[in-house]
Amino acid sequence: MGLIGTLTHASFDIMLIAVCLAGIRRSTGLTLRIGYFENKNYRSVLGFIVGAGENIFDVAAAFMAGYPSIFRRQDPRISHNSDENPNR
């Protein structure tokens, strides 16, 4: 795999982790403490990546909300075994 492929793969992996961090923050309230890192450049890059993950998470949630026949809202404390499919 060439340099472009490696950079693309690494970028995709970083964004996937950022979206996971956004989901964890939304569901539990736990978030990455960016101020923990002393280097100003690291804080800037991490802030950008986490912000991009939040935006991607919002777009994915809005997309899913546009298809209520496929996706439904459910309280996360309710067991997922209660999902009923009348077509089965």
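These numbers were taken from a predicted model, which means no experiment stands behind them.

Draft legend 1. Quick peek at the overall build of the protein. From N to C terminus, the protein includes two helices and zero strands. Counting only residues that meet the buried cut, the protein has 8% of its 88 residues in that class. Counting only contacts in the protein whose residues sit at least 6 apart along the sequence, the fraction spanning at least 24 positions is 50%. On the protein, roughly 7,700 Å² of surface is accessible, and the fraction owed to carbon and sulfur atoms is 63%.

Draft legend 2. Up close: the side chain of Glu54. Among the secondary structure elements, Glu54 is positioned in helix α2 (residues 40-65). You can call Glu54 buried: its relative accessible area is 12%. A distance of 2.8 Å separates polar atoms of two side chains, one belonging to Glu54 and the other to Arg25. Setting aside residues no more than four positions away along its own chain, Glu54 makes contact with Ala22, Arg25 and Arg26.

Draft legend 3. Up close: the packing of aromatic side chains. A full pass over the atoms with the stated rule returns two aromatic pairs. Plain terms: the ring middles of Tyr36 and Phe37 are 5.5 Å apart, the flat faces sit at 85° to each other, and that makes the pair edge-to-face. Seen from their ring centres, Phe63 and Tyr67 are 5.1 Å apart, and the 55° between their planes marks the pair as tilted.

Draft legend 4. Up close: the pattern of salt bridges. Under the defined criterion, the tally for this structure stands at three salt bridges. Residues Glu54 and Arg26 are paired through a salt bridge, measuring 2.7 Å at the closest nitrogen-oxygen approach. Here Arg26 lies in helix α1 (residues 3-28) and Glu54 lies in helix α2, a separation of 28 residues in the sequence. A salt bridge links Arg26 to Asp58; the shortest N-O distance between them is 2.7 Å. Taken together, the positions of Arg26 in helix α1 and Asp58 in helix α2 put the pair 32 residues apart, joining distant regions of the chain.

Conventions used here
Residues numbered from 1 in each chain as written. Predicted model: local features only at pLDDT ≥ 70, side-chain atom pairs only at ≥ 80, totals over all residues. Heavy atoms only, no water. Helix = DSSP H or I, 4+ residues; strand = E, 2+ residues; numbered from the N terminus. Buried < 20%, exposed > 50% of the residue type's maximum accessible area, 1.4 Å probe, protein only. Contact = heavy atoms within 4.5 Å. Areas by Shrake-Rupley, 256 points an atom, 1.4 Å probe, with all protein chains shown as cover. Polar contact = N/O pair within 3.5 Å; in protein donor to acceptor, adjacent residues only side chain to side chain. Phe/Tyr/Trp six-rings, centres within 6.5 Å; stacked < 30°, edge-to-face > 60°. Salt bridge = Lys/Arg side-chain N within 4 Å of Asp/Glu carboxyl O.

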